[in-house]
Amino acid sequence: MERMNDEGQWIVLMGFIVSVSIFFLAFLINQSVLVGQTTSEAVLEFPKTEIQDVRDISSEIFRIEDNATKNTLTDELALLSLTRSNAVSELSEGDTDSNSLYDYREVLIHFSNGITAYDESYLLFTKR
Amino acid sequence: MVIPNDEAQLLTIEGLVAGLIMLTTAFFIVGTASVYTPADVHISDMQTEQLGFDALRVMSVPYSYGDESELEEIVSEIDLGGVNETTATLQFRESFSELISSGTGATTIVDSFNFSSSIYYVDSKEVLNKSLLYNAENYARRPSVSTGRYVLSEWDGSDSIVRFEVILWRE
């Protein structure tokens, strides 16, 4: 093949680079809309505040000494959670132990709203 | 085989590539536009819900360790009924409104938030509710979000768990 006019090669190359970068930026904007939507959906779906709420109240309940009161309170919490948040929130006590400074008991949390299940156990310390 | 007139092959390829790039860019740009429909309000609802939860959380933190929190106080005052109930109801309305519209302190945030709240409690294995009446109709409007918090407080003469719920919406 006979050589054509090949003088504008740098111009052609720059043209390609510019168009590829415009293409890339367009892609970023395109994705950002989707990201905003899916993030907020994921955040709404995950019962973060409900779990925090159950967690906060659990330490208050298990600091009470009287067993009967504790049972009444955990039952009330379970019922309220079922009727108002459509979720199972079960609190129970595990082992207790103590050292020279603290008494501590294990608090077990079970939370499930059908989509997210969450289980946790933590040690609740009370100063002796 | 002899093909006549084959001088502009590079130009043809360039034209094709340029066309492709323009098409894909146009495709992305058109795809970027999103129409905000009523089904998408959950994006802003998420922020409202978080705001409500945060405000309730702030209100249920006592000022100093071992004290009763403001929300606990309000709940037990409402349980007493009468004048105590009216005062506590107004106190809640004031504190909560202040929390959801707090700016720098020097500016007033003009917003159309409104809310109505009620307390859910258990009475002989049944969940009942008591509304905090600061407007006579105790209405709410859609779209609204529901936020709530469990409070351990004096209710019906003994320590109980109640759920303090607030429905938030924009007028």
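Per chain, the residues get numbers from 1 upward, laid out in the order the sequence is written. Lettering of chains starts at A and numbering of ligands starts at 1, both following the order in which they are written. Given that this is a predicted model, residues contribute local features only at a pLDDT of at least 70 and side-chain atom pairs are listed and counted only at 80 or more, while totals for whole chains, interfaces and linings are drawn from all residues.

## A look at the overall build of chain B
- Secondary structure summary: chain B contains four helices and four strands in total.
- Where helices and strands are cited, they refer to DSSP runs of H or I of at least four residues and of E of at least two residues respectively, numbered from the N terminus. Put simply, chain B runs from its N terminus to its C terminus through helices and strands in the order α-α-α-α-β-β-β-β.
- Computation of the radius of gyration draws on C-alpha atoms, with the globule rule given as 2.2 Å multiplied by the number of residues to the power 0.38. Taking 171 residues into account, the globule formula puts the C-alpha radius of gyration at 16 Å, and chain B, at 29 Å, lies well above it.
- Seen through its C-alpha atoms, chain B measures out along the principal axes to roughly 105 × 45 × 35 Å.
- Among the 171 residues that make up chain B, the fraction classed as buried is 25%. The burial label depends on the number of other C-beta atoms within 10 Å of a residue's C-beta. Counts of 20 or more mean buried, 12 or fewer mean exposed, and intermediate counts mean partly exposed, with C-beta atoms placed from the backbone.

## Considering the interface of chain B and chain A
- In this description, a residue-residue contact is defined by the distance between C-beta atoms placed from the backbone, which must lie within 7 Å. In this assembly, 27 residues from chain B lie in contact with 29 residues from chain A.
- Among the secondary structure elements, those contributing two or more residues to the side of chain B that touches chain A are helix H1 (9-32), helix H2 (42-59), strand E1 (113-123), strand E3 (144-155) and strand E4 (158-170) of chain B.
- Ranked by residues supplied to the side of chain B that touches chain A, first place goes to H1 of chain B with nine residues.
- When residues are grouped by polarity, Ala, Val, Leu, Ile, Met, Phe, Trp, Tyr, Cys and Pro land in nonpolar, Asp, Glu, Lys and Arg in charged, and all others, Gly among them, in polar. Looking at the side of chain B that touches chain A residue by residue, the class counts come to 13 nonpolar, eight polar and six charged.

## Topic: unusual backbone geometry
- Positive phi, close to 50 degrees, is recorded for Asn86 of chain A, a residue that is not glycine.
- Inspection of the secondary structure puts Asn86 of chain A in the loop between helix H3 (67-85) and strand E1 (88-98).
- Look at Asn86 of chain A and you get exposed, because 11 C-beta atoms sit within 10 Å.
- Even without being a glycine, Lys125 of chain B presents a positive backbone phi close to 60 degrees.
- Topologically, Lys125 of chain B is positioned in the loop between E1 and strand E2 (126-132).

## Focus: the domain arrangement of chain A
- Where a domain begins and ends is set by an automatic assignment or by a domain database. When its domains are assigned, chain A resolves into domain 1 (9-45) and domain 2 (48-127).
- Here domain 1 of chain A and domain 2 of chain A have C-alpha centroids that lie 47 Å from each other.

## Regarding the sheet that holds strand E3 (residues 117-127) of chain A
Residues and elements named next belong to chain A.
- Pairing is antiparallel in the open sheet, where three strands are placed in the order E1-E2-E3. Both edges of this open sheet fall to E1 and E3, since each of them pairs with a single strand only. Averaged over all pairs of adjacent strands, the angle between strand axes in this sheet comes to 20 degrees, irrespective of strand direction.
- When DSSP finds at least two bridges between two strands, those strands are taken to pair. Inspection of the sheet shows E1 paired to strand E2 (residues 102-112) by nine bridges, in the antiparallel sense. Looking at E2, one finds that Glu90 is bridged to His110.
- Lying over the sheet, helix H2 (residues 48-62) contacts E1, E2 and E3, oriented at roughly 145 degrees with respect to E2. Every angle, taken between N-to-C directions, lies between 0 and 180 degrees, and every axis is a line fitted to C-alpha atoms, over only the stretch in contact when it is a helix.

## Comments concerning the pairing of E4 of chain B
- Summarising the sheet, E1 of chain B and E4 of chain B pair through eight bridges and their orientation is antiparallel. The partner of Tyr120 of chain B across the bridge, within E4 of chain B, is Arg163 of chain B.

## What to know about the sheet that holds E1 of chain B
Residue and element names in this part refer to chain B.
- Sheet architecture is open: four strands sit in the order E2-E1-E4-E3, paired in antiparallel fashion. Only two strands of the sheet have a single partner each, and these edge strands are E2 and E3. Averaged over all pairs of adjacent strands, the angle between strand axes in this sheet comes to 25 degrees, irrespective of strand direction.
- Running at roughly 15 degrees to E3, H2 makes contact with E3 and E4 of the sheet.

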